[in-house]
Amino acid sequence: MSTLEEVSHYINGEKVKGENDKYGYVYSPSNGQKIATVPYASDEEVDGAIQLAKKAAAKWAKTSVGKRVEVLFKFRQLLVENTEELARVLGKENGKTIPDAKGEVSRGIESVDLAIGAPQILKGEHSVNVGGDINAYSMKQPLGVVTCISPFNFPVMVPLAMSVMAVAVGNAMILKPSEKVPHSALLISELWEKAGLPAGIWNVVNGDKDTVNAIITHKDIQAISFVGSTKIAEMIHETGTKHHKRVNAFGGGKNHMVIMPDADLDKAVDSFLGAAYGSASQRCMAISVAMPVGKETAAVFTDKLKEKVKNLRAGSYEDETADFGAVISAEAKQGILDAIDDAVNEGANIVVDGRNPDVENKEGFYLGATLLDNITPDMNMYKEEVFGPARPIIEVGSIDEAINLINDHQYGNGVAVFTNSGRDARRFTQEIEVGMVGVNVPIPIPVGYHNFGGWKDSRFGEGQMFGPDTARFFTKTKTVSERWFELDDSDETNFNFPTS
Ligand code: NAD
């Protein structure tokens, strides 16, 4: 091992040094420097963490929901008080700017707000005298030990969105954060500990794909919530369900913004800028494609957009005036450059070229905002998720063409339509085959108390993130039929199927 800082795991209430000899490096995208090594947990380390979590889960499940929620109230307060530090830690390892990172923390806190309502959410159903003095009621019970496997692009928000409800409803969590951003999850662990969460309920096990495999195939893992790229999401769903786990796996997206001829084009342009290039376009719900309807709309929209895209500036996470930060890695940067080259080779035109941005730190993984037009549906630039600041404009002739193209697309995470026509907006929201839809709202990420989830190849399995669905995903329902005999009841045997 090198002399770099060694990131630890967080298991059973303690920071634990990795014992495996496999590890990776954590970089700061803003300057391209290695900042730490991250241990990749072995099968034995994974098993050890799960066994401790299992013991803790049995006790936590029996703790009253009111007591569990008391911890959440404190945890929420600590997240608020530590927003600045969380933003710095995540900005350093992810590259996003501090103001953007603070926004992420704030959206993460929404999941705590929802989970604080666990007592209400866990209330079951009760029917009196369903027949023969029998009462029927249902209860929601925790699953036991569950896991969340998270991506690099939201090191705080996604782990919170995936897991706080799981803890609130009585489970123990094994979080496997992206190996590219392990510090954020460890800081969250410290806050859980300060909030009084019992040891073993929240665990962070660092690692790579082998660690993930050890977790998702472990006999004591009851449910898997995954967020990441589509290929991996599909594989996790397949492997997890083969091992009889409950799985929801959220994948990538290609989120269209349709601009109708009657839209307010200045507002559409401004909305596109932030939604398409914010966070260096590394958001699963980022607008990935502009789809103006009609030649004139396309011409005016492109002209107005071009002027503003030219002025966007990439900078260090600490540069509060930068529009967005660096991309996550040198490999990611190269992949985005390759995608731009491929598009050009296929006939695309570069409207604004951000391939050689003027940045202070040349070692950082920076790309400027790139805008392309002359795009056709058969190009990879249109078909595939490009997780970085290269954005195509594809012109269509009508709303029908827009709806058909979007519905035929592999992905169905988010979509937005900009229009002043209620009729067109209504038709669009009804007919579009996408899980989250914005009307004059460019990034329609639902607030924490609504459900989040894409359609088609943007999600595998059932159950959504955020929202009441999270509580359903992390609990199992038990239904009880109950009768209390009167002292003078006569004994009777009934061989027929019971009816009411
Ligand atoms: P990724 O798929 O590379 O990694 C996600 C997680 O899976 C990480 O913890 C990683 O260690 C693990 N992993 C990677 N390869 C694996 C393998 N072969 N086997 C098992 N586990 C593996 O994703 P990423 O690059 O970290 O994140 C970006 C992707 O996540 C984008 O595609 C983005 O759209 C998607 N995303 C989706 C949502 C959503 O809600 N739909 C939200 C955020 C990000």
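Residues numbered from 1 in each chain as written. Predicted model: local features only at pLDDT ≥ 70, side-chain atom pairs only at ≥ 80, totals over all residues.

### Looking at the overall build of the protein chain
Part 1: A count of helical and extended segments in the protein chain gives 16 helices and 23 strands.
Part 2: Against the globule reference of 23 Å for 500 residues, the protein chain gives a C-alpha radius of gyration of 25 Å, in line with a compact fold.
Part 3: If you line up the protein chain on its principal axes, its C-alpha atoms span 85 × 60 × 40 Å.
Part 4: Counting every position in the protein chain, which comprises 500 residues, the buried fraction comes to 52%.
Part 5: If you take every contact in the protein chain between residues at least 6 apart in sequence, the share linking residues at least 24 apart comes to 72%. (Helix = DSSP H or I, 4+ residues; strand = E, 2+ residues; numbered from the N terminus. Rg over C-alpha atoms; globule rule 2.2 N^0.38 Å. Buried ≥ 20, exposed ≤ 12 C-beta atoms within 10 Å, placed from the backbone. Contact = placed C-beta atoms within 7 Å.)

### Some remarks on the domain arrangement of the protein chain
Part 1: Domain annotation for the protein chain reports domain 1 (5-251 + 458-480) and domain 2 (255-439).
Part 2: The distance between the C-alpha centroids of domain 1 and domain 2 comes to 31 Å.
Part 3: Facing the 19 residues of domain 1 at the interface are 25 residues of domain 2.
Part 4: For the side of domain 1 that touches domain 2, the elements supplying multiple residues, two or more each, are helix H3 (83-94) and helix H4 (98-115).
Part 5: Across the side of domain 1 that touches domain 2, the residue classes break down as five nonpolar, nine polar and five charged. (Domains from an automatic or database assignment. Nonpolar A, V, L, I, M, F, W, Y, C, P; charged D, E, K, R; others polar.)

### Overview of the UniProt feature "domain: Aldehyde dehydrogenase" (unreviewed entry) in the protein chain
Part 1: Those residues carrying the UniProt feature "domain: Aldehyde dehydrogenase" (unreviewed entry) are residues 24-480 in this numbering.
Part 2: Helix makes up 42% of residues 24-480 and strand 21%, with an end-to-end C-alpha separation of 50 Å. (UniProt positions renumbered as here; feature names shortened; annotations may be inferred.)

### Here's the deal with the site of the ligand
Part 1: Residues in contact with the ligand amount to 27 residues; listed here are only the nearest, Pro 151, Lys 209, Gly 228, Gly 252 and Cys 284.
Part 2: The residue inventory of the shell around the ligand, partitioned by class, reads eleven nonpolar, eleven polar and five charged. (Near = placed C-beta within 6 Å.)

### Examining the packing of helix H2 (residues 65-81) against H4
Part 1: Here H2 crosses H4 at 170 degrees, and the two axes come no closer than 10 Å. When the axes of H2 and H4 are compared, the pair comes out roughly antiparallel. Helix-helix and strand crossings are classified by hand; for H2 and H4 the assignment is left-handed. Contact residues: H2 offers Leu 72, Phe 75, Arg 76, Leu 79 and Val 80, while H4 offers Val 105, Ile 109, Val 112 and Ala 115.
Part 2: A breakdown of the residues in the contact of H2 with H4 according to their chemical character gives eight nonpolar, no polar and one charged. (Axes fitted to C-alpha atoms, helices over the stretch in contact; angles between N-to-C directions. Parallel < 35°, antiparallel > 145°, perpendicular 65-115°, else oblique. Left-handed = near helix turned anticlockwise from the far one by under 90°.)

### Brief notes about H4
Count 3.6 residues to each turn of an α-helix, and residues three or four apart come out pointing the same way.
Part 1: End to end, H4 covers 26 Å across 18 residues, agreeing with the expected 26 Å (1.5 Å per residue, within 8%).
Part 2: Within the span of H4, buried status applies to Ile 98, Asp 100, Ala 101, Glu 104, Val 105, Gly 108, Ile 109, Glu 110, Ser 111, Val 112, Leu 114 and Ala 115.
Part 3: Lining the buried residues of H4 we find H2, H3, helix H5 (118-121) and helix H6 (157-168). (Expected span 1.5 Å × (residues − 1).)

### Brief notes about the environment of Ile 236
Part 1: Within the secondary structure layout, Ile 236 lies in helix H9 (residues 230-242).
Part 2: Taking the number of C-beta atoms within 10 Å as the measure of exposure, Ile 236 has 27 and is therefore buried.
Part 3: Those residues in contact with Ile 236 that lie beyond four places of it in its chain are Ile 149, Ile 216, Ile 224, Phe 226, Val 247 and Ala 249.

### Quick notes on the environment of Asp 270
Part 1: Within the element layout of this structure, Asp 270 appears in helix H10 (residues 265-277).
Part 2: As a C-alpha pair, Asp 270 and Lys 304 span 34 residues in sequence and 9.5 Å in three-dimensional space.

### Considerations on the packing of H10 against helix H11 (residues 295-310)
Part 1: Two numbers describe how H10 lies on H11: the axes approach to 10 Å, and their chain directions differ by 45 degrees. Considered as vectors, H10 and H11 are oriented oblique to each other. Considering how the two elements wind past one another, H10 and H11 form a crossing that is right-handed. Where H10 abuts H11, its residues Leu 265, Asp 266, Ala 268, Val 269, Phe 272 and Leu 273 lie against Val 300, Phe 301, Lys 304, Leu 305 and Lys 308.

### A word on the nonpolar core
Part 1: Met 173, Met 257, Ile 259 and Phe 272 are the most contacted members of the largest nonpolar core, which totals 154 residues.
Part 2: Considering every element that reaches this core, the biggest residue donor is H6, with ten residues.
Part 3: Of the residues that make up this core, three or more belong to each of domain 1 (5-251 + 458-480) and domain 2 (255-439).
Part 4: Apart from residues no more than four positions distant in its own chain, Met 257 is found in contact with Phe 272, Ile 287, Val 289, Ala 290, Met 291, Ala 416, Phe 418 and Pro 442. (Core = buried A, V, L, I, M, F, W, Y, C linked by C-beta atoms within 7 Å.)

### Quick word on the sheet that holds strand S4 (residues 23-28)
Whenever strands of a sheet pair, they do so through backbone hydrogen bonds, lying parallel or antiparallel.
Part 1: Taking strand neighbours across the sheet as the criterion, the three strands line up as S1-S5-S4 in an open arrangement whose pairing is mixed. Looking at strand neighbours, the two that pair on one side only are strand S1 (5-6) and S4, the edges of this open sheet.
Part 2: In this sheet, strand S5 (residues 33-39) lies alongside S4 in antiparallel orientation, the contact comprising six bridges. Looking at S5, one finds that Tyr 23 is bridged to Pro 39. (Pairing = 2+ DSSP bridges.)

### Concerning the sheet that holds strand S23 (residues 475-482)
Part 1: One open sheet holds the three strands; their spatial order is S6-S7-S23, and the pairing between them is antiparallel. Each edge of the open sheet is held by one strand with a lone partner, namely strand S6 (126-131) and S23. Averaged over all pairs of adjacent strands, the angle between strand axes in this sheet comes to 30 degrees, irrespective of strand direction.
Part 2: In the sheet, S6 pairs with strand S7 (residues 134-142) via three bridges, with the strands oriented antiparallel. Bridging from a neighbouring strand, His 126 pairs with Tyr 137 of S7.

### Re helix H7 (residues 182-195)
Part 1: The end-to-end C-alpha separation of H7 is 21 Å, in line with the 20 Å expected for 14 residues at 1.5 Å each.
Part 2: Backbone geometry just after H7 places Gly 196 at a positive phi near 100 degrees.

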